[in-house]
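So you can see what is in the structure, the chains are spelled out below.
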Amino acid sequence: MEKQYNHIYPWLHIKKWAAFDGKIFNKSKKQSHRIKLRREKNSTFTIKYYYSLGEPNDELENRIELFEVYIGDLIKKIDEAESSILLNRKEIELLKLYVALCACRQHNTTEVIKDDQSKVYRSNNYGIGVPRVATQKDAVVLTNMIIDDFERIKKLPDNKVCGSLDAIYNAEQSSVFTRGQHLCIFRSETSKICVSNVCSIIENTMDSDYLYCYTPISPRTALLLVKSEYYYDKETFEYTKIRFGATYGGHGPIDSHISEILGRYNEFDSESELFCSYRESFLKDCSESVCTSREQDKAAVKISNIPDFLIQLFNSIFYEDGDEFIYLKDEELEFAQKYSLNCRKIIVVNNEFA
């Protein structure tokens, strides 16, 4: 039977909230209801023939579903793991690509900075990072490209997938959507993670430097695609803070943080959780013809416990920019309704940024 109603946020993730009696708050109706999982009109986060641009066709929807089925067991293991999970190069690459898919398969992904009086901020003005999709047509085009990469990479032997963390793009062994980025896994021990029909959050700096893309997969787990040039390890992070601090005039003070969400509250030291936890496990480069036995091994990818307050900051963005908000506990809905990050707007006061 042809699938008329296409999920714009993965059904396998929505089930995680449904399993714990999660609810959806509809902002326009100002009321909550239980999660509907069936593919029908008005079911949770579905749009009729979204991936065929309104035409009766479910080809792309079916291709997306094959990616979800392929990655589903791995997602389940991550969500059930505790402090880390063992992954090989191919698994890491496809998980990275999956984050890109979640962010690009619809035009609902949002950004931390959403309003700029200075007109300096320019979204998507970067060479490496997950693009923010603006239209349904663009979402369908990019989704097709991502699925093409998935179908190509899944056929490769595990030891033929390029695991390089630098910005060099190997068209045969990786994807342009994951280029120069590494995988991070965030955990909320008290299952405070929420999501909305805004499915992912991208954080860039005011100078259009892409930092990461944050995508929840359950009430307790989120996956991130992080720019390795800035967050590969402590050394690169400290260098980036120096370089960013010197942007204006060439001799500015060292920045105290890069990310407004994870770095502003320095007492949590959460920006260090964006470092690549598996950097020592794999060689940086993979030869096109021969891979060493070390490159075939699995690496322990860290699962980072993130303070509840920082998780709630992401939740507040999902609520503010979304129309329907998925949550478990009423207190998370109440926090998201009341709290708004002031870093989302760049305000000019006396010709200076505030």
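Let me begin by describing the structure that accompanies this report. (Residues numbered from 1 in each chain as written. Predicted model: local features only at pLDDT ≥ 70, side-chain atom pairs only at ≥ 80, totals over all residues. Heavy atoms only, no water.)

Right, let's talk about the state of the cysteines for a bit. What the rule picks out here adds up to zero disulfides. This cysteine, Cys 184, is not joined by any disulfide, and Cys 276 carries the nearest cysteine sulfur, 6.9 Å off. Exposure remark for Cys 184: the relative accessible area of 4% places this residue in the buried category. Here Cys 199 is not cross-linked by a disulfide; its sulfur's nearest cysteine counterpart is in Cys 102, at 7.8 Å. (Disulfide = S-S within 2.5 Å. Buried < 20%, exposed > 50% of the residue type's maximum accessible area, 1.4 Å probe, protein only.)

Let us now look at helix α1 (residues 11-18). Along α1, the residues that are buried comprise Leu 12, His 13, Ile 14, Lys 16 and Trp 17. The elements touched by buried residues of α1 are β1 (5-7), α2 (59-80), α3 (89-104), β9 (195-196), β11 (210-216) and β14 (324-327). (Helix = DSSP H or I, 4+ residues; strand = E, 2+ residues; numbered from the N terminus. Contact = heavy atoms within 4.5 Å.)

The subject of this paragraph is the nonpolar core. Core analysis: the biggest nonpolar cluster contains 98 residues, and Phe 67, Leu 95, Tyr 212, Tyr 214, Tyr 231, Ile 261 and Phe 325 have the highest contact counts within it. Here the element with the most residues in this core is α3; it accounts for eleven residues. When sequence neighbours within four positions are dropped, the list of residues in contact with Phe 67 reads Leu 94, Leu 97, Tyr 98, Leu 101, Ile 146, Ile 147 and Phe 150. (Core = buried A, V, L, I, M, F, W, Y, C linked by side-chain atoms within 4.5 Å.)

Take the pairing of strand β8 (residues 181-187) next. The element β8 is extensively covered by neighbouring structure, given that seven of its seven residues are classed as buried. Burial along β8 is two-sided: the face carrying Gln 181, Leu 183, Ile 185 and Arg 187 and the face carrying His 182, Cys 184 and Phe 186 are both buried. Of the strand pairs in this sheet, β8 and strand β13 (residues 299-305) are connected by three bridges, and their pairing is parallel. By the bridge assignment for β13, Arg 187 is matched with Asn 305. (Pairing = 2+ DSSP bridges.)

If you trace the seven strands from one edge of the open sheet to the other, you get β5-β13-β8-β12-β11-β10-β6, paired in mixed fashion. The open sheet has two edge strands, β5 (84-87) and β6 (110-111), and neither has a second partner. The sheet contact formed by strand β10 (residues 201-204) and β11 spans four bridges and is antiparallel. Each bridged residue has a counterpart across the sheet, and for Ile 201 the counterpart in β11 is Tyr 214. Lying over the sheet, α2 contacts β5, β8, β12 (221-227) and β13, oriented at roughly 105 degrees with respect to β12. Helix α8 (residues 308-321) rests against β6, β10 and β11 of the sheet, and its axis sits at about 80 degrees to β11. (Axes fitted to C-alpha atoms, helices over the stretch in contact; angles between N-to-C directions.)

Working definition: two side chains of opposite charge can pair if their charged atoms are close together. Applying the stated criterion across every chain yields a total of 20 salt bridges. For Lys 227, the salt bridge is made with Glu 229, and the minimal N-O distance between the two is 3.9 Å. Accessibility expressed as a relative area gives 7% for Lys 227, which makes it buried. Arg 264 is the partner of Glu 260 in a salt bridge, and the nearest nitrogen-oxygen pair spans 2.5 Å. We classify Glu 260 as partly exposed; its relative accessible area is 23%. Within this structure, Lys 114, Glu 320, Asp 321 and Arg 344 form a network of salt bridges that share partners. (Salt bridge = Lys/Arg side-chain N within 4 Å of Asp/Glu carboxyl O.)

Examined against the element boundaries, Asp 255 turns out to sit in the loop between α6 (234-245) and α7 (293-296). Of the residues examined, Asp 255 reaches a relative accessible area of 27% and is grouped as partly exposed. Asp 255 sits 13 residues away from Ile 242 along the chain, and the two C-alpha atoms are 6.4 Å apart. What Asp 255 contacts, discounting residues up to four positions off in sequence, is Lys 241, Phe 244 and Gly 245.

Relative to the elements of secondary structure, Ser 281 occurs in the loop between α6 and α7. Judged by relative accessible area, Ser 281 falls into the partly exposed class, the value being 27%. As a C-alpha pair, Ser 281 and Asp 297 span 16 residues in sequence and 8.2 Å in three-dimensional space.

This brings us to the packing of aromatic side chains. With the rule as written, the count across this model stands at 20 aromatic pairs. Ring geometry for Phe 67 and Tyr 98: centres 5.5 Å apart, planes at 75 degrees, overall edge-to-face. Of this pair, Phe 67 sits in helix α2 while Tyr 98 sits in helix α3, and the two are 31 residues apart along the sequence. The buried category is assigned to Phe 67, whose relative accessible area is 0%. Relative accessible area serves as the criterion here: at 0%, Tyr 98 is assigned to the buried category. Taking the centre distance of 5.2 Å and the plane angle of 75 degrees together, the rings of Tyr 230 and Phe 244 count as edge-to-face. You can see Tyr 230 sitting in helix α5 (residues 228-231) and its partner Phe 244 sitting in helix α6, a full 14 residues away along the chain. (Phe/Tyr/Trp six-rings, centres within 6.5 Å; stacked < 30°, edge-to-face > 60°.)

What follows concerns the pairing of β14. Here strand β2 (residues 23-26) pairs with β14 via four bridges, running antiparallel. Note on β14: the bridge partner recorded for Lys 23 is Tyr 327. As paired strands, β9 and β14 are joined by two bridges and run antiparallel to one another. Note that in β14 the partner of Ser 196 across the bridge is Phe 325.

The quantities given are spatial measurements derived from coordinates; they are silent on function.
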